[in-house]
Amino acid sequence: MQVVIDRLEILPVMTAHPTEAARRTLLEKHRRIADLLTAFDEENLPQRSKNELQERLAAEVESIWQTDEVRQTQTTVLDEVNNTLFYFDTTLFDTVPVLMEEIEARLSEYFPGVKLKDGRVPIRFGSWVGGDRDGNPFVTPEITWETVRLQQRMILRKYLRSVSDLSRRLSESSRFSAPSQELLNSLSRDVREMPADAEEILKRNPEEPYRQKLSFIYNRIENTLARNHDLAAALQIESSSSLISIRPALPIIAAITRSDSLEASAYRSGSELWEELRIVRDSLLNGLAELAARSVNRLDESGLRLRSESCDLDIRQHSERHTAALTEITRSLGMERDYSRMTEDERISWLSSELLTPRPLLSADAKFSSETTETLNVFRVIRRIGDEISPCVIKTYVISMTRDVSDLLAVLVLAKQAGLIDSDSIFSEKKRSGNDRPGIAVAPLFETISDLQRAPDVMSRLFDIPVYRRLIQSQGNLQEVMIGYSDSSKDGGILTSSWELYKTQQRLWEAARNAGLELRLFHGRGGTVGRGGGPSHEAILAQPCGTVASRIKITEQGEVVSSKYSLPEIAVRSLELTTAAVIAASLPRAETNKERNPAQWESIMEKISTRAFECYRKIVRETDGFYDYFIQATPVEELQFLRIGSRPAKRRKGSGSLDDLRAIPWVFGWTQSRHLLPGWLAVGSSLENFILESPRKNLKILREMYDSWPFFHSTISNIEMTLAKADFQIARRYADRTPDRRLGQRIFTILEDEYQRTCRVILQITPREAAAR
């Protein structure tokens with residue numbers, strides 16, 4: 001258990017996927033109603049107070065009735081950023097300390113001696129909002145800069161209020177609780193660095209060293225907030241070139257260069273703030289003020305973590321954008337073969353050479369097309385954010401539609417051009433020190449069925465490249481790999497997608513272990529079953545044995561964010577379930593009564609998955625008129641008018657290809673028309689085909705798999721839930737409204753037959769549940 005706790009790392013990542021139709025205005029009203037209902041539960045509440053609560057409750061309900069349920073204006077990226085920060089501000093900041101206390105209490109009760117390392121918080125939140133630019137032209141470098149600035153502003157304001165509250169409570173006098181020498185030395189340093197503030201602080205709080213220290217901390221946070229305000233207008237992207245600069249005449253540069261004392265009185269990293277709070281806490285503990293010290297701990301255990309100054313922000317972009325940029329760059333350099341014409345081996349050789357070359361790839365005044373310029377500017381903004389806001393906010397660059405090794409090396413070469421990768425550090429054998437600038441790590445995103453199947457081979461070949469091995473060693477020998485649930489399900493169906501994801505995780509871990517590396521799997525799950533959704537606790541426990549390994553990174557998308565994190569109590573419960581599942585999945589599993597025949601079951605699952613893939617592709621890809629039916633018999637085309645997200649529904653504007661259609665509108669259309677096809681299509685035919693080969697024997701095997709194999713049980717349970725939600729009486733009405741009535745009837749009959757077949761087979765596999773219903 002101690003090993004698991006030492007490694008424990010849970011990273012929920014908020015995304016702006018457009019699946020949340022409720023407005024933030026209404027979510028806030030729901031939150032106030034929940035608070036009012038909670039107030040009604042107070043015992044011995046005077047009648048006058050009850051009447052007042054009743055009136056306020058009625059006013060909120062009346063206001064909801066008279067409020068537009070849908071947005072009347074298009075959502076911008078910064079709207080999405082502010083919507084995400086709403087959850088951090090109202091819920092998550094105060095939720096994680098509660099969870100941390102619960103973890104420590106349960107460990108003390110059930111595992112005496114097992115404890116979290118001092119200052120370590122295993123839960124850290126991340127975000128894609130403002131960083132995910134894959135197919136979203138509105139996520140510009142300027143937007144990413146402003147996103148990080150707004151994140152920092154929010155966290156600084158939260159700490160400002162918290163430090164103020166803490167200062168009011170920590171009134172311990174030096175006459176009764178002597179401060180530590182470390183705290184006194186720290187106060188002396190504050191007096192030297194902040195002489196303008198020192199006189200008033202020392203005069204206001206004589207013999208109260210903790211209030212004095214917290215007052216200095218408060219003033220430093222205020223100065224950091226002022227610096228953050230100056231950064232709002234600091235970024236300048238010059239239209240005449242590809243360069244990014246900080247306007248020299250702005251107050252931020254004047255503040256930095258004009259006054260050393262002002263620079264010294266602002267925090268440049270969250271670790272500085274954490275260190276000052278640690279000094280306060282340790283002094284309180286030395287003075288036997290344990291309960292007061294716990295208050296300081298709660299402040300540090302916020303969900304955003306002090307050392308990051310904000311939540312982590314991932315950058316995501318499609319691999320084709322990097323290929324296009326390098327193609328234009330290599331043409332401008334006059335190379336014999338431009339990047340697009342190189343073979344994969346030639347790309348790897350050239351990219352590896354560039355990573356080892358100290359010289360920059362481009363001159364400072366190089367000019368390119370707007371697309372390539374923006375691609376380069378993204379990396380330059382990441383560098384600027386590290387210099388001016390925080391070096392720890394952007395640490396991962398996710399590459400959508402990763403197909404081969406060169407897709408990862410290409411990003412590193414572009415990052416090196418912006419100063420995010422240092423060739424000297426690649427040559428050096430030593431690990432990065434705490435004072436070194438953190439580099440950026442690349443995380444491939446494997447999305448389609450074929451990409452998932454190739455993923456382990458791609459990563460094995462990447463790990464064999466010397467320059468990459470040196471780079472990842474400098475980053476702690478940890479490789480992050482993202483696996484996509486939504487696109488793989490759209491590509492091959494729910495059953496094949498689930499199985500390929502299961503196998504891919506096993507083989508990725510095998511590749512990492514063979515290379516002597518650690519692996520962190522990033523699960524790109526949506527809210528619905530067709531996009532990898534379902535109960536998180538059960539889904540984590542259903543992962544292949546040995547692949548969780550105390551670490552999980554997982555997307556929280558759209559409506560899932562509001563359902564999990566709108567209310568503090570539910571947020572704590574959701575995080576408890578995830579934490580419990582990660583710990584349980586990371587402990588050695590008992591072999592009795594669980595996965596008794598893993599080899600046989602995996603062989604059977606491979607056979608069923610192959611049949612499911614063939615059936616799914618036959619219906620979706622080979623049935624004449626199927627895509628036309630999807631467009632005509634579902635409201636998918638209306639999604640663009642809902643104004644629930646900034647990102648276009650298709651990767652390529654105007655495309656009529658299923659490949660260019662995103663998974664969200666694919667699932668949205670089938671859900672609104674009550675087909676719910678992505679959650680069950682081809683399952684019935686594949687399972688029925690297996691059963692008919694030997695009815696009694698094979699049905700018994702499937703029931704054993706359902707009872708004893710967490711993966712199969714979770715998969716079938718999610719499919720069963722989707723079948724229960726589907727309504728083919730409503731779906732028929734949609735089919736009847738297709739302009740081509742014959743087309744509508746023909747495709748509907750195919751889908752209805754498959755739906756009925758799937759229901760029959762699932763009920764055979766889960767007879768006890770069916771009997772209970």
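Right above here is the structure, for reference.
Residues numbered from 1 in each chain as written. Predicted model: local features only at pLDDT ≥ 70, side-chain atom pairs only at ≥ 80, totals over all residues. Heavy atoms only, no water.

### As for the nonpolar core
Okay, step 1: Membership of the largest hydrophobic core comes to 68 residues, with the highest contact counts inside it found for Leu326, Ile394, Tyr397, Leu409 and Tyr468.
Okay, step 2: Per-element accounting of this core gives the leading share, 9 residues, to helix H16 (residues 405-417).
Okay, step 3: Excluding its chain neighbours within four sequence positions, the residues that come into contact with Tyr468 are Leu409, Leu412, Val442, Leu462, Phe463 and Gln479.
Okay, step 4: In terms of nonpolar packing, the next biggest core, distinct from the first, is built from 57 residues, Tyr629, Trp666, Ile719 and Ile765 among them. (Core = buried A, V, L, I, M, F, W, Y, C linked by side-chain atoms within 4.5 Å. Buried < 20%, exposed > 50% of the residue type's maximum accessible area, 1.4 Å probe, protein only. Helix = DSSP H or I, 4+ residues; strand = E, 2+ residues; numbered from the N terminus. Contact = heavy atoms within 4.5 Å.)

### Quick look at H16
Okay, step 1: Taking 1.5 Å per residue as the helical rise, H16 with its 13 residues ought to reach 18 Å, and the 19 Å between its terminal C-alpha atoms agrees with that figure.
Okay, step 2: For H16, the tally of buried residues reaches 13 of 13 residues, placing the bulk of the element in the interior.
Okay, step 3: A positive backbone phi angle near 85 degrees is found at Gly419, which sits one or two residues after H16. (Expected span 1.5 Å × (residues − 1).)

### Some points on the environment of Val3
Okay, step 1: Note that Val3 resides in helix H1 (residues 2-7).
Okay, step 2: Taking the C-alpha atoms as reference points, Val3 and Ser550, separated by 547 residues in sequence, lie 8.9 Å from one another.

### Focus on the side chain of Gln543
Okay, step 1: When you line up the elements, Gln543 lands in the loop between helix H22 (536-541) and strand S11 (551-557).
Okay, step 2: Judged by relative accessible area, Gln543 falls into the buried class, the value being 11%.
Okay, step 3: Within the structure, the side chain of Gln543 is placed 2.7 Å from the backbone oxygen of Ala539, a separation counted as a polar contact.
Okay, step 4: Discounting residues that sit within four places of it in the chain, Gln543 has contacts with Tyr485, Tyr502, Gln505, His523, Val548 and Arg589. (Polar contact = N/O pair within 3.5 Å; in protein donor to acceptor, adjacent residues only side chain to side chain.)

### What about the packing of aromatic side chains?
Any two aromatic rings considered together are summarised by their centre-to-centre distance and by the angle between their planes.
Okay, step 1: Summed over all chains, the structure comprises 24 aromatic pairs.
Okay, step 2: Judged by centre distance (6.0 Å) and plane angle (85 degrees), the rings of Trp499 and Trp709 are edge-to-face. Pair noted here: Trp499 is in helix H21 (residues 494-514) and Trp709 is in the loop between helix H29 (695-708) and helix H30 (710-725), with a separation of 210 residues, a long-range link.
Okay, step 3: Arranged with centres 5.0 Å apart and planes meeting at 35 degrees, the rings of Phe630 and Trp670 form a pair that is tilted. Linking Phe630 in helix H26 (residues 626-633) with Trp670 in helix H27 (residues 663-672), this pair joins segments that are 40 residues apart in sequence. (Phe/Tyr/Trp six-rings, centres within 6.5 Å; stacked < 30°, edge-to-face > 60°.)

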